[in-house]
Amino acid sequence: MNNKNIFISAAVSLGIIFIAVITVYKSQGTTAVADEKLSALMRIDAPVKGGEQAKVTIVEFFDPACETCRQFYPFINNIVKKYQGRVNVVMRYAPLHKGSEDVVKMLEAAHIQGKFWPAVELLFSNQHRWVEHHVSNPQSALAGIKTLPLDHDKLDRDWQSSQVAKTIAQDITDGKILKVRATPQFFVNGKPLIVFGYDELASLVEEAVAEAY
Amino acid sequence: MKNNKTIPAENTQSWNFLFFVWLIASIGTLTSLFFSEVVQLPVCVLCWYQRIALYPLVLILPLALFPYDVKVIRYITPLVIFGWFVALFHVLVVAGVIPESVQPCVQDIPCSEIHFTLLGFLNIPIMSLLTFSFIGLLLFLSKKSFTRNFHE
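Here goes a summary of the coordinates provided. Since the structure is predicted, the reported quantities are computational estimates derived from the model, not experimental observations. Throughout this document, residue positions are counted from 1 along each chain, in the order its sequence is written. To label them, take the chains in the order written and letter them from A, then take the ligands in the order written and number them from 1. A pLDDT threshold of at least 70 governs which residues receive local features in this predicted model, and a stricter bar of 80 or more applies before side-chain atom pairs are shown or counted, although totals over entire chains, interfaces and linings include all residues.

**Points about the packing of helix 4 (residues 100-112) of chain A against helix 8 (residues 152-159) of chain A**
Residues and elements named next belong to chain A.
Phase 1 of the analysis: The convention used is that axes are lines fitted to C-alpha atoms, helices contributing only their stretch in contact, and that angles between N-to-C directions extend from 0 to 180 degrees. The secondary structure listing takes helices from DSSP runs of H or I that are at least 4 residues long and strands from runs of E that are at least 2 residues long, numbered from the N terminus. Relative orientation of the contacting elements helix 4 and helix 8 amounts to 130°, with a least axis distance of 8 Å. Of the possible angle classes, the one that applies to helix 4 and helix 8 is oblique. You can see that helix 4 and helix 8 cross each other, and the crossing is right-handed. Every residue of helix 8 that contacts helix 4 at Lys105, Met106, Ala109, Ala110 and Ile112 is listed here: Leu155, Asp158 and Trp159.
Phase 2 of the analysis: Ten residues, namely Ala, Val, Leu, Ile, Met, Phe, Trp, Tyr, Cys and Pro, are considered nonpolar, four, namely Asp, Glu, Lys and Arg, are considered charged, and the remaining ones, Gly among them, are considered polar. Its residues assigned to classes, the contact of helix 4 with helix 8 comprises 6 nonpolar, no polar and 2 charged. Roughly parallel here means an angle under 35 degrees, roughly antiparallel means over 145, roughly perpendicular means 65 to 115, and every remaining angle is called oblique. Helix crossings are classified by the rotation of the near helix relative to the far one: an anticlockwise turn of less than a right angle makes the crossing left-handed, while a clockwise turn makes it right-handed. By the convention adopted here, residues make contact when the C-beta atoms placed from their backbones lie within 7 Å.

Structure (structure tokens):
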């Protein structure tokens, strides 16, 4: 065998081995979060949408300043709608962007007044106005939230309150326990979405629904 | 054969050493890509500096293998030395010899974090240090066997 053949066969073998290892790794399927970490997934009073009796729960760790979260938002809505009460989605805060920590406090303050969903929808649709170069501007986010019909004084008091700070701190701690390093991060009935993508999430939900019903 | 003209018989050994450098660099590159892109381990800053030193070898070395051009050893040595020192620094950070405050890490990805360990001691920075050491040794052997044959 001459040198060129040796080189080519080595390169081809490496490529084949690489693809084979990836295939084997991915075929192992998604394993659920370890039991001792499961409690980190849920927080009582976290914003939730979908069927009250739903047996399938998507937990999304999100940052309102995250572009991909914005892009996923309508998609998540569609999933909830599609399964008609069998799936719900719980939102947990993961303020990974600079400045986002205050913005999620404002969201939580809006949540106290029952306005989480309109507020998050508004923040997503106006994201370019209050997020610049991946840095959140809490004041313009607050101005945006205040266009909604809610109690402004209470909102101002609440987002700076220690109670809201505690809620956010718990979400951040839980995110760390679950190794949320990027947003959005999804868990479907305790199983993390490993390969990121719309289709992957959709099939993870489909599997969970098939299992639960 | 065209190859036999470009690689004189007495330099076969030198060529083989260089070929192994390419093989090791490629395996290292694919392994690191596997961990970051498939397993999705976070990549810290020090890992990126080591990648900068390793990845080019995969693309540059084949050009020096066909036809054989021993000068490539001179050109890639700075990369290998740079990568070796960064890997050493990384190993020391992980081992706790260099305190955490000194490490140039950003965005909540601590370089001191160990994601997994093989055989009780082999974590990713140590693998990297071994890789760069081995590549350096092979480059040295390749260079040595080439010049010796050249003078004969």
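**Overview of the nonpolar core**
Phase 1 of the analysis: Core analysis: the biggest nonpolar cluster contains 48 residues, and A:Met106, A:Val188 and A:Val205 have the highest contact counts within it.
Phase 2 of the analysis: Residue contributions to this core peak at 6 residues, all from helix 4 of chain A.
Phase 3 of the analysis: When neighbours within four sequence positions are excluded, A:Met106 is seen to be in contact with A:Pro138, A:Ala141, A:Leu142, A:Ile145 and A:Trp159.
Phase 4 of the analysis: Residues enter a nonpolar core if they are buried, belong to Ala, Val, Leu, Ile, Met, Phe, Trp, Tyr or Cys, and are joined to the set through C-beta atoms within 7 Å. Counts of 20 or more other C-beta atoms within 10 Å of a residue's own C-beta define buried residues, counts of 12 or fewer define exposed ones, and intermediate counts define partly exposed ones; C-beta atoms are placed from the backbone. Within the second largest apolar cluster, 30 residues are counted, among which are B:Ala25, B:Ala53, B:Val72 and B:Ala87.

**Brief notes about the pairing of strand 2 (residues 56-62) of chain A**
Residues and elements named next belong to chain A.
Phase 1 of the analysis: Burial within strand 2 is extensive, with 7 of its 7 residues counted as buried.
Phase 2 of the analysis: Neither face of strand 2 is open: one carries Val56, Ile58, Glu60 and Phe62, the other Thr57, Val59 and Phe61, and all of them are buried.
Phase 3 of the analysis: Strand pairing follows a simple DSSP-based rule, namely that at least 2 bridges must link the two strands. Two strands pair when backbone bridges link them, and strand 2 and strand 3 (residues 87-93) are joined in this way by 7 bridges, in the parallel orientation. Along strand 3, the bridge assignment pairs glutamate 60 with methionine 91.

**Description of the interface of chain A and chain B**
Phase 1 of the analysis: Counting residues at the interface gives 11 residues for chain A, matched by 15 residues for chain B.
Phase 2 of the analysis: Residue composition of the side of chain A that touches chain B, grouped by class: 7 nonpolar, 2 polar and 2 charged.

**Looking at unusual backbone geometry**
Phase 1 of the analysis: With an omega of -10°, the peptide bond between A:Thr183 and A:Pro184 qualifies as cis.
Phase 2 of the analysis: The topology assignment puts A:Pro184 in the loop between helix 9 (162-177) and strand 6 (185-188).
Phase 3 of the analysis: Each neighbour pair has its own omega, and for B:Phe66 with B:Pro67 the value is -10°, a cis peptide bond.
Phase 4 of the analysis: Of note in the backbone geometry, A:Asp45 takes a positive phi value of approximately 80° without being a glycine.
Phase 5 of the analysis: Tracing the chain through its elements places A:Asp45 in the loop between helix 2 (35-38) and strand 1 (48-50).
Phase 6 of the analysis: Of note in the backbone geometry, A:Lys179 takes a positive phi value of approximately 60° without being a glycine.
Phase 7 of the analysis: Following the sequence through the fold, A:Lys179 ends up in the loop between helix 9 and strand 6.

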